[in-house]
Amino acid sequence: MVSLVVVAVFLLCGTLFQPPQTAAFKPLFQDGSITHREITQMAILRKTAEVCRDIATAQGRDFTLPINNRLTTSAVHKACTTSSTSSSALATLSFYSAITETYLSNAAVDQVFALSEAHHIDNEAFSEGRDLITRGVAAVKASVQQKSYISARISLGALCHTLQDFYSHSNWVELGSTAPFSTLIKPDLPLNNIAGPSTPTCKSCTWPNCGDNILPEILLQKKLTSGYFSIFSSTKPAGKCSHGGFFDRTSSREPTGGINKDDISSDHGFLHKRAAEMAINATMEVLQDIRLATGDQAFLRLMGLRQTSVLAFVIDTTGSMSDDIEEAKRVSFSIIDSRRGTSEEPSEYILVPFNDPDFGPLTRTEDADLFKRSINSLSASGGGDLPEMCLSGLLLALAGAPQSSDIFVFTDAAAKDLELKSTVQVMIERTKSTVTFLLTSPFSFRRRRDVSQSQGFTSRSIPLSDIQLYRDLAHVSGGQAIEVTKATLSLATAVITDASTSALVTLFQVVRNPGIAENFTFVLDPSLSNVTVYVTGDSPVFTLYSPTGVSQSGSVADGPLGSILTVGNLKRVKLNSTGQTGEWKISIDSTSSYSLKVTGQSSVNFLFNFVERLEGGDFTPKANRPFTGRNATLFVSVTGGDSVTVTDVLLVEASGSNVVNGTIKALGATDFLVNIDRIPEWPFVVQLKGLLNDSTTRSLPSRFQRQSPTQQQGSRFTITAQPNSTIEPGTPFVLNFTLVTNATGGSYTIRARTDRSFSVSFPSSLNAGTEGSAQGTITLTAPSNTESGTDVTLTIEAEDPESSDSNYVALRFTVMTKVTDFSSPVCQIVSIKADCPVECSRASWELSTNLTDGNGTGIAGVSLSRGNGSLSLSNVMSADGTNVTVAFYNASCCSQEVELVAVDRVGNVGTCFTSIKSPSTTVSPSGSTTVSPSGSTTVSLNGSYSVSFSMCVALVGLLVSFLYG
């Protein structure tokens, strides 16, 4: 708990005094300095563009985008879209979201580990810092292997912060280095030439210039050092450099001054841009290592570039649900078959069955045929008389699905696990996922009733209170609770087809309970297509009006404005494709509760996160609800490129008409900080308004609006915890958390759960006491057989029993078995056979190599990163009992280079490059060792050439080995 208090004091000081922070690269856009955000984003964009360029080259496609520091998210997304799809129709939000998730995790290091020397490589903590980096890299690779991309981004952002800080906090740049310090991501290499604990490294600054305070002998001997930092004490080893800056008390002690390059005004600010560029290159280097270990397609999924829509079903499998299961099969198969190979094909499929007492398992796959087989294997049996584990199944889907997914729940029964309602709501808020319930009356026609009775089932009906539970969760998520008969379910599943499209945006959504007569307006802009209006409720009467005054009653199935489908309590209006732009109006009259939702397809969308910000410092994501009645900050990213101008960011009452306006500060063309003066008492949605500028015409800008489908709300107390990103299987992990409230005293109910049913122990209640705060401890244990890379979400909830006010903290962990294998696979060239004539297309050449992993975890895979020949693999056992992967490569003489990538089971990478352009072989992870055996090349007089290494196999085997990848 001491560490929590220390962090709290540090953050409080930053808030009260608002000095410039110098603990790391500046996080926000200011004074011409390059920030952690820019470094991370530039590296991701450049490396992603490189991957897309290499894929395009291998496929024979052009890739014309220049790769430099001026890349934008929209430009890279467009360039990475294949020619067979329409880039304007694809969602860019997942790409923006992946970059934002990575950066916010990077930023969180400055808050959660503000005083950790290892996380910032202060105090010459090079070994400890490298351990954090390499463990983080291993966690990213393991998470990607498990397709846990969100956890991978969290680990990636954190390790990149430490990696980037090295170049600002050490003297690597001052030593004249021109390339990144690759040893930081290679734990099998020694950390050499570090200044000893008693070796002086600096002299005092001669103000106002502090540029030459590193001792000449340190520079001459290329000794590595970093600055010492403390906000509490000026003590440091004699003669050592300080970090420097306002907070660093050690910089006032001889030798005075500092060496950090966090911004252009730092003590070594004249080297800031060189340090930042080095940090970008180092971040790209670690991204390349991850790319080689995971493969290009998985890397692009990590970057959010291969996510379009997600098809996610949670299905009740009790006996009365056979018709519903068949309909789920029909609609999913139809979506898969009609969209396979198109830009509208779902990028991921999720299936969770449930009944009583079971739920799960979660099936999550990118393979449409596997999803088909999984859903085809479902059968309805048992049940019929009891509530089912609906919320447990939904919770599993929410935890497993990507952010902002659309999830569809099929059931005809009440929920047995009502105690999970608050946890499900928390996960909806955290994931911003939309949940739609398809609720059927199980015995709606005679044939079904007769069959059910013959099988021994009894009729089930959902009590009104449980229907309201489903309605509440649907409304909170921005979804719908559609109540139909089994006979008409096939009509209602049209909403699944609507939602399973890419680039889907929400324009407007309201809920009225109780129902009242009211007029609503919404704006349609030129970027929109496939606009759909949904009205759900008990027979609401409505009329729709176009911008030109044309109207259509909700009772007219086919009218001048669109076609209306009526099924159960749902009316679905598909607007005609012409004459849409402008302000529309809909008048609704109903005495019962109803909801209104308007969606469409557009490249213009936004994402948001509540963040905690220190003036002049970093902003980090909030893992809980904001404080009611206090100010708050939103971080908003907008897709659509430079054509978008944001004019308003609003908090709109979810079930009313109240509005809170935000104050907008631009952070470049697409990112914004929005200050909210006061978080309201009521649940709200975030609404964005602005102008669209058409660069191809001279027309006036068009108004647009977008809205977050998921509701948010504040709380009068908060919960905080200091997370650790990884936990070991079978080892109890102890987590401290703190509850802070506006009031004094009071008892709060505590609940803690994981989405994977891991063992969790926690206090059942906490008393805030006279100081308005309380502390608790949670112990989380992952089963000892949990696979490395498995992600788990721990949700800690607190509730005030008197007011029903609640808050939570949601923490995501990666389960990681301790990695002891840091050695890369080894490549031994067996032979190269080439007899290539001048007319290269008439002949081919061959390469044979042996790949081994020594005493490591074993080779998991071998692939081509360069070369368009054929690769075949086989496994043999050597005489000494070593497992050997034999790689045989054959290619046309016109394709004269090949690079093999070998990855072991924990993600260590080695590359093996061979070229017959000149008789040389390069084997490397990043730094290259080149072997050119003398006498191994003969060039014939007729213009052809041959290469043979068979005489040098033994020598090459000794000289050539993979370094760590």
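What counts and how
Residues numbered from 1 in each chain as written. Predicted model: local features only at pLDDT ≥ 70, side-chain atom pairs only at ≥ 80, totals over all residues. Heavy atoms only, no water. Helix = DSSP H or I, 4+ residues; strand = E, 2+ residues; numbered from the N terminus. Contact = heavy atoms within 4.5 Å. Areas by Shrake-Rupley, 256 points an atom, 1.4 Å probe, with all protein chains shown as cover. Buried < 20%, exposed > 50% of the residue type's maximum accessible area, 1.4 Å probe, protein only. Core = buried A, V, L, I, M, F, W, Y, C linked by side-chain atoms within 4.5 Å. Polar contact = N/O pair within 3.5 Å; in protein donor to acceptor, adjacent residues only side chain to side chain. Phe/Tyr/Trp six-rings, centres within 6.5 Å; stacked < 30°, edge-to-face > 60°. Disulfide = S-S within 2.5 Å. Pairing = 2+ DSSP bridges.

Undergrad: Lay out the overall build of the chain with the relevant residues and their values.
TA: The helix and strand tally for the chain stands at 19 helices and 43 strands. When contacts within the chain are restricted to residue pairs at least 6 apart in sequence, long-range pairs at least 24 apart make up 72% of them. Accessible surface, the chain: about 37,300 Å² in total, of which carbon and sulfur atoms supply 51%.

Undergrad: Describe unusual backbone geometry, with residues and values.
TA: For the bond running from Gly360 to Pro361, omega is 5°, close enough to zero to count as cis. Note that Pro361 resides in the loop between β2 (348–354) and β3 (363–365). Between Asn513 and Pro514 the backbone carries a cis peptide bond, its omega angle lying at 5°. Phi at Lys147 takes a positive value of approximately 60°, unusual for a residue other than glycine. Mapped onto the secondary structure, Lys147 falls in the loop between α6 (126–145) and α7 (149–169). Positive phi, normally seen in glycine, also occurs at Asn530, with a value near 50°. For Asn530, the position within the fold is in strand β9 (residues 529–537). Judged by relative accessible area, which is 46%, Asn530 ranks as partly exposed.

Undergrad: Give me the nonpolar core: which residues, what numbers.
TA: Among the nonpolar cores identified, the biggest contains 56 residues, and Val140, Leu156, Leu159, Phe166, Tyr167, Phe181 and Leu302 are the most heavily contacted of them. Not counting the four nearest positions on each side in its chain, Val140 is found in contact with Ala152, Ser155, Leu156, Leu159, Ile290 and Leu302. One finds Val352, Cys390, Ile407 and Val435 within the second-largest nonpolar core, a separate group that totals 33 residues.

Undergrad: How would you explain the environment of Tyr149 if you had to name every residue and give the values?
TA: With respect to the secondary-structure elements, Tyr149 resides in helix α7. Tyr149 sits 51 residues away from Ala98 along the chain, and the two C-alpha atoms are 8.9 Å apart. The contact partners of Tyr149, leaving out residues within four places of it in the chain, are Val144, Ala298, Arg301, Leu302 and Glu366. Side chain to side chain, Tyr149 and Glu366 meet in a polar contact 3.3 Å long.

Undergrad: Now, about the side chain of Lys372: what can you tell me, with residues and values included?
TA: Inspection of the secondary structure assignment puts Lys372 in helix α12 (residues 368–376). For Lys372, a relative accessible area of 17% gives the class buried. Those residues in contact with Lys372 that sit more than four places away from it in its chain are Phe333, Ile336, Asp337 and Arg340.

Undergrad: An account of the packing of aromatic side chains is needed here, citing residue identities and associated values.
TA: Following the criterion strictly, the structure yields 18 aromatic pairs and no others. Measuring from centroid to centroid gives 4.8 Å for Phe166 and Tyr167, while their planes differ by 90°, and the two rings are edge-to-face. What makes Tyr167 buried here is its relative accessible area of 0%. Ring plane angle 75° and centroid distance 6.2 Å describe the contact between Phe610 and Phe684, whose orientation is recorded as edge-to-face. A residue pair is termed long-range when its members are at least 10 positions apart, and Phe610 in strand β16 (residues 606–613) and Phe684 in strand β22 (residues 684–692) qualify at 74 residues. What links up through ring pairs into an aromatic cluster is the set Phe126, Phe166, Tyr167, Trp172 and Phe181.

Undergrad: For the state of the cysteines, give the residues involved together with the corresponding values.
TA: A complete count under the given rule lists 5 disulfides for this structure. Between the sulfur of Cys836 and that of Cys893 lies a disulfide, 2.0 Å long from S to S. Disulfide Cys836 to Cys893: torsion about the S-S bond roughly -70°, handedness left-handed. Taken as a pair, Cys836 in strand β33 (residues 826–836) and Cys893 in the loop between β37 (883–892) and β38 (897–904) lie far apart in primary sequence, 57 residues in all. Both residues of the pair, Cys836 and Cys893, belong to the buried class.

Undergrad: Lay out the pairing of strand β10 (residues 541–545) in plain terms, naming residues and giving numbers.
TA: By the alternation rule, side chains of β10 split into Phe542 and Leu544, which are all buried, and Val541, Thr543 and Tyr545, of which none is buried. When β10 meets strand β14 (residues 582–589), the two strands line up antiparallel, connected through 5 bridges. From the neighbouring strand, Tyr545 faces β14, where its bridge partner is Lys585. In textbook terms, the turn of a hairpin is the stretch between consecutive antiparallel strands, and for β10 and strand β11 (residues 551–553) this stretch comprises 5 residues, one of which, Gly549, has a positive phi near 95°.

The values reported here are purely geometric and, on their own, carry no functional implication.
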